[in-house]
Amino acid sequence: MKSAKTSNIEKDFVLNCIKKSKRLDGRQPYDIRHIRVSFGKDRGCCQVQLGDTRVLCQVSCEIVEPRQNRPTEGGIYFNVELSPMASPTFEPGRQSEFAVEITRLLERTVRDSRAIDTESLCIIAEIGRASCRERV
């Protein structure tokens, strides 16, 4: 990942905005951004907007043999791609260290929160032969 240098003018601008409790989008310091979720025409596709920030998401599923150490569970995996349009520090075509970090954080957060019941992703539990692997 390329390192982005912040100029003195940019630093001064940000510090002045913080001192004056100003934001570029007109929100007050404790105002939240408007949230909007739009579902695409294709299955498993959606777009989430948080103010002017957009996140595109694609979910897919495949039937695989479960892991030997967890024969009654399916899995959920994340793949994060950061667009060069979002920041000049993101390079096209390869995953940056920051994207890898976000991917690991998402996987750990979902796994540790137990928000998704991975046993419910198992199709043939009694034999442990087939489970779903979700890719987000």
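Our structure's up above, just so we're on the same page.
Below is a short write-up of the structure. Note that the coordinates shown come from a computational prediction; the quantities given were computed from them, not determined experimentally.

## Remarks on a nonpolar patch on the surface
- There is a patch of nonpolar side chains on the surface, built from Ile35, Val37, Phe39, Val48, Leu50 and Val55 and spanning about 570 Å² of accessible area.
- Broken down by secondary-structure element, the contributors of at least two residues to the nonpolar patch are strand S1 (35-39) and strand S2 (45-50).
- Counting residues per element, the nonpolar patch draws most heavily on S1, at three residues.
- The residue leucine 50 is located in strand S2 in this model.

## Some thoughts on the packing of aromatic side chains
- Evaluated as defined, the whole model comprises one aromatic pair.
- With 6.4 Å between their ring centres and 5° between their planes, phenylalanine 90 and phenylalanine 98 make a pair best called stacked.

## Quick notes on the side chain of threonine 103
- With respect to the helices and strands, threonine 103 occurs in helix H2 (residues 97-113).
- On the basis of relative accessible area, threonine 103 is assigned to the buried category, the value being 9%.
- At 3.4 Å, the side chain of threonine 103 and the side chain of glutamine 95 are in polar contact.
- Excluding its chain neighbours within four sequence positions, the residues that come into contact with threonine 103 are Phe78, Asn79, Val80 and Gln95.

## Brief notes about the pattern of salt bridges
- The final tally for this structure, using the stated rule, is two salt bridges.
- A salt bridge links arginine 70 to glutamate 73; its shortest N-O distance comes to 3.4 Å.
- Owing to a relative accessible area of 41%, arginine 70 belongs among the partly exposed residues under this scheme.
- With a shortest N-O distance of 3.7 Å, arginine 111 and aspartate 112 are connected by a salt bridge.
- Residue classification places arginine 111 among the exposed positions, given a relative accessible area of 53%.

## Brief notes about the pairing of strand S3 (residues 53-58)
- Summarising the sheet, S2 and S3 pair through six bridges and their orientation is antiparallel. In the sheet register, valine 48 faces S3, and the bridge partner there is valine 55.
- Between S2 and S3, which follow one another and run antiparallel, lie two residues, and glycine 51 among them has a positive phi close to 65°.

## Regarding the sheet that holds S2
- Within the open sheet, the three strands sit side by side as S1-S2-S3. Their pairing is antiparallel. Of all strands in the sheet, those bounded by a partner on one side alone are S1 and S3. Adjacent strand axes in the sheet meet at a mean angle of 15°, parallel and antiparallel pairs treated alike.
- Pairing of S1 with S2, which is carried by five bridges, proceeds in the antiparallel orientation. Residue pairing for S2: serine 38 is matched across the bridge by glutamine 47.

Quick notes on the rules
Residues numbered from 1 in each chain as written. Predicted model: local features only at pLDDT ≥ 70, side-chain atom pairs only at ≥ 80, totals over all residues. Heavy atoms only, no water. Patch = residues over 30% accessible without salt bridge, like charges linked within 9 Å, V, L, I, M, F, W, Y side chains within 5 Å. Areas by Shrake-Rupley, 256 points an atom, 1.4 Å probe, with all protein chains shown as cover. Salt bridge = Lys/Arg side-chain N within 4 Å of Asp/Glu carboxyl O. Helix = DSSP H or I, 4+ residues; strand = E, 2+ residues; numbered from the N terminus. Phe/Tyr/Trp six-rings, centres within 6.5 Å; stacked < 30°, edge-to-face > 60°. Buried < 20%, exposed > 50% of the residue type's maximum accessible area, 1.4 Å probe, protein only. Polar contact = N/O pair within 3.5 Å; in protein donor to acceptor, adjacent residues only side chain to side chain. Contact = heavy atoms within 4.5 Å. Pairing = 2+ DSSP bridges. Axes fitted to C-alpha atoms, helices over the stretch in contact; angles between N-to-C directions.

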